[in-house]
Amino acid sequence: MSTTTSTHPTGATQTGTTPTDTAPTGTDGTVAGTGETPLPARTGRGRSAGRLVLSAAVTVAVPAAVIALLLVLWELAIEAFDVRPFVLARPSAIWDAFAEKPDVYLEYGFHTLREAVQGLAFGIAVGVAVAVATFRSKLLSELARAYSAALLALPVVAVIPLSNVFFGLQPASRVFVVAVGTTPIMLTYTLTGLKATDAGLAEMFRACAMPRWRSVLSLFLPSALPYFISGVRVALPSAFSVAIIGEYFGGERNTLGTYIKTAAVQSKVADLWGAAMTAFLFAVALFALVALADRLLLRWHPSRARRG
């Protein structure tokens, strides 16, 4: 309550009180008439930061806990069923093999990663270009979807020999195979995102006589960006796997696929699993980078805002 003073027309001065938004408190600091202590106001920024920290912690902690549990069960199962080392290696033996020569595994992993990323870059370029060129036409977009489905149904092992004939046993051969394996994924996701653009906004751009290229850059591509990121999430592990398969059927010595083939021939099960663990670690790191890009680039999107 606040005190106000006013002058009456007769000249007399009157004093009164006017209500304010602040609840009255007693001498002990509690809200008058309730006995409750007023709570400090929480800002939206503080709540948002807390949710982000909690979300990041859960995102890291839950998968790590699940992986740790599976490794413990794996070790216990081998001990309980007395599985021979040449059949299935223990997680501890796999770690020992990796710790013995981590530089070799990482060097081979980076060679495979370079092939996978280069092939994925070509797959993204071709997939996005075809999607942008066909999404406005129903006939062309359906043909593009059929082309994508045909490529997805094509076995990778059928493409590798043909690629080796054309490019030789060179990194370009695996880059081409990775591009063939990832192009339909990026085409499908990007085409779906472009067609999901808000029809009202598209009509407004047409009413403003906006050039088509300007509409694509300013409206359709930003609208399709969440779909594009989702496509990259799916295509990136596939690119790494396809690169390893291509190396298995013909590649340089300093690649994971060739190392896995050599370890399998020599029955070095622990070394084989060490290479597989290296591939797993690289795939997890790449997935984390894509997830970070998702959070940074799509903070404006409603679905990401609700999730964050």
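See the structure shown above.
Summarised in this report is the structure supplied together with it. These figures come from a predicted structure and were not determined experimentally.

1. Observations concerning the overall build of the protein chain
Here's step 1: Regarding its fold elements, the protein chain presents eleven helices and two strands.
Here's step 2: Taken from the N to the C terminus, the helices and strands of the protein chain come in the order β-β-α-α-α-α-α-α-α-α-α-α-α.
Here's step 3: For the protein chain, with 308 residues in total, the buried portion stands at 30%.
Here's step 4: When contacts within the protein chain are restricted to residue pairs at least 6 apart in sequence, long-range pairs at least 24 apart make up 65% of them.
Here's step 5: When the accessible surface of the protein chain is summed, it comes to about 18800 Å², and 68% of that surface belongs to carbon and sulfur atoms.

2. Notes on the side chain of serine 148
Here's step 1: By the element assignment, serine 148 lies in helix H4 (residues 138-153).
Here's step 2: Judged by relative accessible area, which is 1%, serine 148 ranks as buried.
Here's step 3: At 2.7 Å, the side chain of serine 148 forms a polar contact with the side chain of threonine 188.
Here's step 4: The contact partners of serine 148, leaving out residues within four places of it in the chain, are Pro184, Leu187 and Thr188.

3. Observations regarding the packing of helix H5 (residues 156-167) against helix H6 (residues 171-195)
Here's step 1: Running from amino to carboxyl end, H5 crosses H6 at an angle of 140 degrees, the nearest separation of the two axes being 9 Å. As H5 runs across H6, the sense of the crossing is right-handed. Between H5, through Val156, Val159, Ile160, Ser163, Asn164 and Phe167, and H6, the contact on the second element is made entirely by Ala172, Ser173, Phe176 and Val177.
Here's step 2: Its residues assigned to classes, the contact of H5 with H6 comprises seven nonpolar, three polar and no charged.

4. Examining the environment of arginine 145
Here's step 1: Looking at the secondary structure, you find arginine 145 in helix H4.
Here's step 2: The class for arginine 145 is partly exposed, based on a relative accessible area of 30%.
Here's step 3: For the pair arginine 145 and alanine 131, spaced 14 residues apart in the sequence, the C-alpha separation amounts to 9.3 Å.
Here's step 4: Residues in contact with arginine 145, not counting those within four places in the same chain, are Leu191, Thr192 and Lys195.

5. Here's the deal with the packing of aromatic side chains
Here's step 1: In the structure shown here, the tally under the stated rule is ten aromatic pairs.
Here's step 2: Judged by centre distance (5.5 Å) and plane angle (70 degrees), the rings of tyrosine 248 and phenylalanine 249 are edge-to-face.
Here's step 3: You can call tyrosine 248 partly exposed: its relative accessible area is 34%.
Here's step 4: Members of the aromatic cluster, connected to one another through ring pairs, are Trp95, Phe98, Tyr105, Tyr108 and Tyr259.

6. Observations concerning the environment of alanine 116
Here's step 1: With respect to the helices and strands, the residue alanine 116 is situated in helix H3 (residues 102-134).
Here's step 2: Counting along the chain gives 120 residues from alanine 116 to leucine 236, while the straight-line C-alpha distance between them is 8.0 Å.

7. Describing the environment of glutamate 252
Here's step 1: Mapped onto the elements, glutamate 252 comes out in the loop between helix H8 (212-248) and helix H9 (256-265).
Here's step 2: We classify glutamate 252 as partly exposed; its relative accessible area is 23%.

Cut-offs and rules
Numbering of residues begins from 1 in every chain and follows the order in which that chain's sequence is written. Restriction of local features to residues with pLDDT of at least 70 applies here, the model being predicted, together with a cutoff of 80 or more for giving and counting side-chain atom pairs; totals for whole chains, interfaces and linings are based on all residues. The basis for every side-chain value is the complete set of heavy atoms in the structure, and neither hydrogens nor water enter the calculation. By definition, any uninterrupted DSSP run of H or I lasting at least four residues is a helix, any uninterrupted run of E lasting at least two residues is a strand, and each is numbered from the N terminus. Accessibility here uses a 1.4 Å probe with only protein chains present; expressed as a share of the type maximum, an area under 20% marks a residue as buried, one over 50% as exposed, and anything in between as partly exposed. Any two residues whose heavy atoms approach within 4.5 Å at even a single point are treated as in contact. Where accessible areas are quoted, they stem from the Shrake-Rupley method and a 1.4 Å probe; at the residue level, only the protein chains shown are allowed to cover. Under this definition, polar contacts are N or O atom pairs within 3.5 Å; protein pairs additionally need one hydrogen-donor-capable and one acceptor-capable atom, and for neighbouring residues in sequence, both atoms have to be side-chain atoms. Angles here are taken between N-to-C directions and fall from 0 to 180 degrees, while the axes themselves are lines fitted to C-alpha atoms, restricted in helices to the stretch in contact. Two helices crossing with the near one rotated counterclockwise from the far one by less than a right angle form a left-handed crossing, whereas a clockwise rotation gives a right-handed crossing. Residue classes follow a fixed rule: Ala, Val, Leu, Ile, Met, Phe, Trp, Tyr, Cys and Pro count as nonpolar, while Asp, Glu, Lys and Arg count as charged, and any other residue, Gly among them, counts as polar. Each aromatic pair joins two rings of Phe, Tyr and Trp (for Trp, the six-membered one) with centres within 6.5 Å, and gets the label stacked for planes under 30 degrees apart, edge-to-face for over 60, and tilted for any other angle.

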